[in-house]
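Structure at a glance
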Amino acid sequence: MNGSASAVAYRANGRAFAHIAQFLPELTALRRDLHAHPELGFEEIYTSGRVTQALKLCGVDEVHTGIGKTGVVAVIKGRADTRGKMIGLRADMDALPMAESNDFAWKSSKSGLMHGCGHDGHTAMLVGAARYLAETRNFDGTAVLIFQPGEEGYAGAKAMIQDGLFERFPAQAVFAMHNWPGMRPGTVGINPGPMMASADRITIEVTGRGGHGAHAYQTIDPVLVSAHIITAVQSIVSRNVRPIDSAVISICAMHAGDLGAMSVVPGKATLVGTVRTFNPAVQEMVERRLNEMCSAVALGFGATATVHYERIYPATLNTSPEALFAGDVAESLVGPEHVVRDMEPSMGAEDFSFMLQVKPGAYFRIGQGAENGVGSCYLHNSRYDFNDDILPLGSALHASLAEQFMPLSTASD
């Protein structure tokens, strides 16, 4: 899956791509260095340091560190600023708490940590855009490049917003992209609406009465109650959510009793799972029905059940004008035949959603898989690696968003 560091395998139109393709070796070296040194959310000390160093070498106008703990923001001013326009371009920097099974030279140097989602590539692509924009400045306004910590479950986007990101850098719109192994390189996918689902955590605590397994009639068995709850909650989606809407309820873990105590009925059981939705009304309904159903099922057995419902990430919802614009920009680089404008939303989640709650913008996918889009190691796989061949295209997409969002007038040229 890894491209050559000396030649561009995938071509695109436009001066941005042609310019950036010249420094593919440097971008590849940066990406692989970041891959070898993965860091979890809000621990990206090495990563943010490398990014800061690279941005200064690129000649950006300002570098701001420590935003949202370990976040970095670069500011690049265009050749003119006649309208006061500002665009935000975001890349995530953090890795995952998983062991890597690859054996190439740039594999993770840290046990139990790896870049299994391609954030190393996202970071390198935005650095590439920074270098191009700083060298050419073919735009009228200000580009704000946001290197975000803690996307993988830490809500780093929310932390940066709470730390004054958009008060300090009041972008009119924000854009982000994610690599997608299921799409072939040179393709881009976007949707004018939902792109990723909300991610909610549910914890169901079932309380019964423990006792001896040989005298189960004297107990209120929380394991039995939990089994009925697991089955019952699956009817919430099938019998409460319209077929044209989408929702998933998954109970993914259960803890009850002691594996070494085969004849002891425990007094409590805990279930943990996730709920995924796109529509806030569906989300509200699922939360209400979970509380009602779990309580009622437990009551039927003489037990009690309490649902703790935590809203972790909201749904990632593109605003239509910005999604249309991003699609047009992508078409200008790779052609309309390589842009999917009705990309099927994913039930996965993404904390860029927090930025889209406060700013118009769009989130899209850039293909990086096998040539036919099949057989690539998927995200969060221990053998995953970013495809370096797409680094120039991703950088050019970022840069072209800035240039076309804030075009220079004829007079400015």
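Fair warning: this is a prediction, and the values are worked out from it, not measured in the lab.

About the criteria used
- Residues numbered from 1 in each chain as written.
- Predicted model: local features only at pLDDT ≥ 70, side-chain atom pairs only at ≥ 80, totals over all residues.
- Heavy atoms only, no water.
- Helix = DSSP H or I, 4+ residues; strand = E, 2+ residues; numbered from the N terminus.
- Contact = heavy atoms within 4.5 Å.
- Areas by Shrake-Rupley, 256 points an atom, 1.4 Å probe, with all protein chains shown as cover.
- Lys, Arg positive; Asp, Glu negative; His and termini not counted.
- Charge placed at Lys NZ, Arg CZ, Asp CG, Glu CD.
- Salt bridge = Lys/Arg side-chain N within 4 Å of Asp/Glu carboxyl O.
- Buried < 20%, exposed > 50% of the residue type's maximum accessible area, 1.4 Å probe, protein only.
- Expected span 1.5 Å × (residues − 1).
- Arc of directions from axis to C-beta.
- 1 Å grid on protein atoms, 1.4 Å probe; cavity = no way out; pocket = protein on both sides within 12 Å on 5 of 7 lines; lining within 4 Å.
- Points joined across faces, edges and corners; volume = space filled by probe spheres on them.
- Nonpolar A, V, L, I, M, F, W, Y, C, P; charged D, E, K, R; others polar.
- Domains from an automatic or database assignment.
- UniProt positions renumbered as here; feature names shortened; annotations may be inferred.
- Pairing = 2+ DSSP bridges.
- Axes fitted to C-alpha atoms, helices over the stretch in contact; angles between N-to-C directions.

**Let's talk about the overall build of the protein**
Each helix and strand counted, the protein has eleven helices and 16 strands in total. Overall size of the protein, expressed as C-alpha extent along the three principal axes, is 85 × 45 × 40 Å. Sequence separation of at least 24 residues holds for 81% of the intrachain contacts in the protein that already meet a minimum separation of 6. Summing over all exposed atoms, the protein offers an accessible surface of approximately 16700 Å²; the carbon and sulfur share of this is 54%. On the protein, the mean spot of the 32 positive side-chain charges and the mean spot of the 42 negative ones are 1 Å from each other.

**Thoughts on the pattern of salt bridges**
The full count for this structure, using the stated rule, is 20 salt bridges. In this structure, Glu 331 engages Arg 341 in a salt bridge whose closest nitrogen and oxygen atoms are separated by 3.0 Å. You can see Glu 331 sitting in helix α9 (residues 320-334) and its partner Arg 341 sitting in the loop between β15 (339-340) and α10 (352-358), a full ten residues away along the chain. Given the relative accessible area of 24%, Glu 331 is considered partly exposed. Connected via shared salt-bridge partners are Arg 31, Arg 32, Asp 120, Asp 385 and Asp 388.

**Regarding helix α3 (residues 45-58)**
The terminal C-alpha atoms of α3, which comprises 14 residues, lie 20 Å apart, in line with the 20 Å expected from a rise of 1.5 Å per residue. Turning to α3, its buried residues are Thr 47, Ser 48, Val 51, Thr 52, Ala 54, Leu 55 and Cys 58. Angular distribution of buried residues about the axis of α3 spans 165 degrees; they occupy a single face of the element. Of the residues in α3, the exposed ones pointing more than 90 degrees away from the buried face are Ile 45, Lys 56 and Leu 57. Close packing links the buried residues of α3 with α2 (24-36), β1 (62-67), β2 (71-77), α4 (119-136) and β4 (142-148). Backbone geometry just downstream of α3 places Gly 59 in the positive-phi region, at approximately 85 degrees.

**Details of the layout of surface pockets**
Quantified by volume, the largest pocket comes out at close to 520 Å³. Of all elements in the fold, only β5 (173-180), β8 (199-207), β12 (268-277) and β13 (304-313) reach the threshold of two or more residues within the lining of the largest pocket. Top element by residues in the lining of the largest pocket is β12. It accounts for four residues. Residues that form the lining of the largest pocket fall into these classes: twelve nonpolar, seven polar and six charged. Both domains that meet at the lining of the largest pocket, namely domain 1 (15-196 + 315-405) and domain 2 (198-313), each give it at least three residues.

**Quick notes on the UniProt feature "binding site: Mn(2+)" (unreviewed entry) in the protein**
Mapped onto the present numbering, the UniProt feature "binding site: Mn(2+)" (unreviewed entry) falls at Cys 117, His 119, Glu 152, His 178 and His 380. Sequence-wise these annotated residues cover 264 residues; spatially they are packed, their C-alpha atoms never more than 13.1 Å apart. Filtering the just-named annotated residues for those lining the largest pocket gives Cys 117, Glu 152, His 178 and His 380. For Glu 152, the contacting residues outside a window of four places in its chain are Asp 94, Ala 95, Leu 96, Cys 117, His 119, Tyr 313 and His 380. Mapping His 380 onto the fold places it in the loop between β16 (361-367) and α11 (391-405). What His 380 contacts, discounting residues up to four positions off in sequence, is Leu 96, Met 98, Gly 116, Cys 117 and Glu 152.

**Overview of the UniProt feature "domain: Peptidase M20 dimerisation" (unreviewed entry) in the protein**
Within the UniProt annotation, "domain: Peptidase M20 dimerisation" (unreviewed entry) is assigned to residues 202-297. In residues 202-297, helix accounts for 39% and strand for 31%; the two terminal C-alpha atoms are 17 Å from one another.

**Structural notes on α4**
Between its first and last C-alpha atoms α4 spans 26 Å; for 18 residues at 1.5 Å apiece the expected length is 26 Å, and the two agree. With 16 of 18 residues buried, α4 lies mostly within the body of the structure. One or two residues past the end of α4 sits Arg 137, with phi positive at roughly 55 degrees.

**Notes on the sheet that holds β13**
Across the sheet, four strands lie side by side as β10-β12-β8-β13; this open sheet has antiparallel pairing. Lying at the two open borders of the sheet, with one neighbouring strand each, are β10 (247-256) and β13. Shown here is a sheet whose adjacent strand axes are inclined to one another by a mean of 20 degrees, direction ignored. Here β8 runs beside β13; their pairing, made up of nine bridges, is antiparallel.

**Quick word on the environment of Ile 202**
Looking at the secondary structure, you find Ile 202 in strand β8. By relative accessible area, which is 0% here, Ile 202 ends up buried. Along the chain, Ile 202 and Tyr 309 lie 107 residues apart, while their C-alpha atoms are 4.8 Å from each other.

**Regarding the sheet that holds strand β3 (residues 86-92)**
In any sheet, the strands associate via hydrogen bonds between backbone groups, in a parallel or an antiparallel arrangement. Read across the open sheet, the eight strands follow the order β1-β2-β4-β3-β5-β16-β6-β15; overall the sheet is mixed. Across the chains shown, the open sheet's two edge strands, defined by having one partner strand only, are β1 and β15. With two bridges connecting them, strand β6 (residues 188-189) and β15 associate as parallel partners. Within β15, the position partnered with Val 188 by the bridge is Val 339. On the sheet, α3 packs against β1, β2 and β4 and is oriented at approximately 10 degrees with respect to β2.

**Regarding the environment of Val 72**
Along the chain, the position of Val 72 falls in strand β2. With 20 residues separating them along the chain, Val 72 and Thr 52 place their C-alpha atoms 7.2 Å apart.

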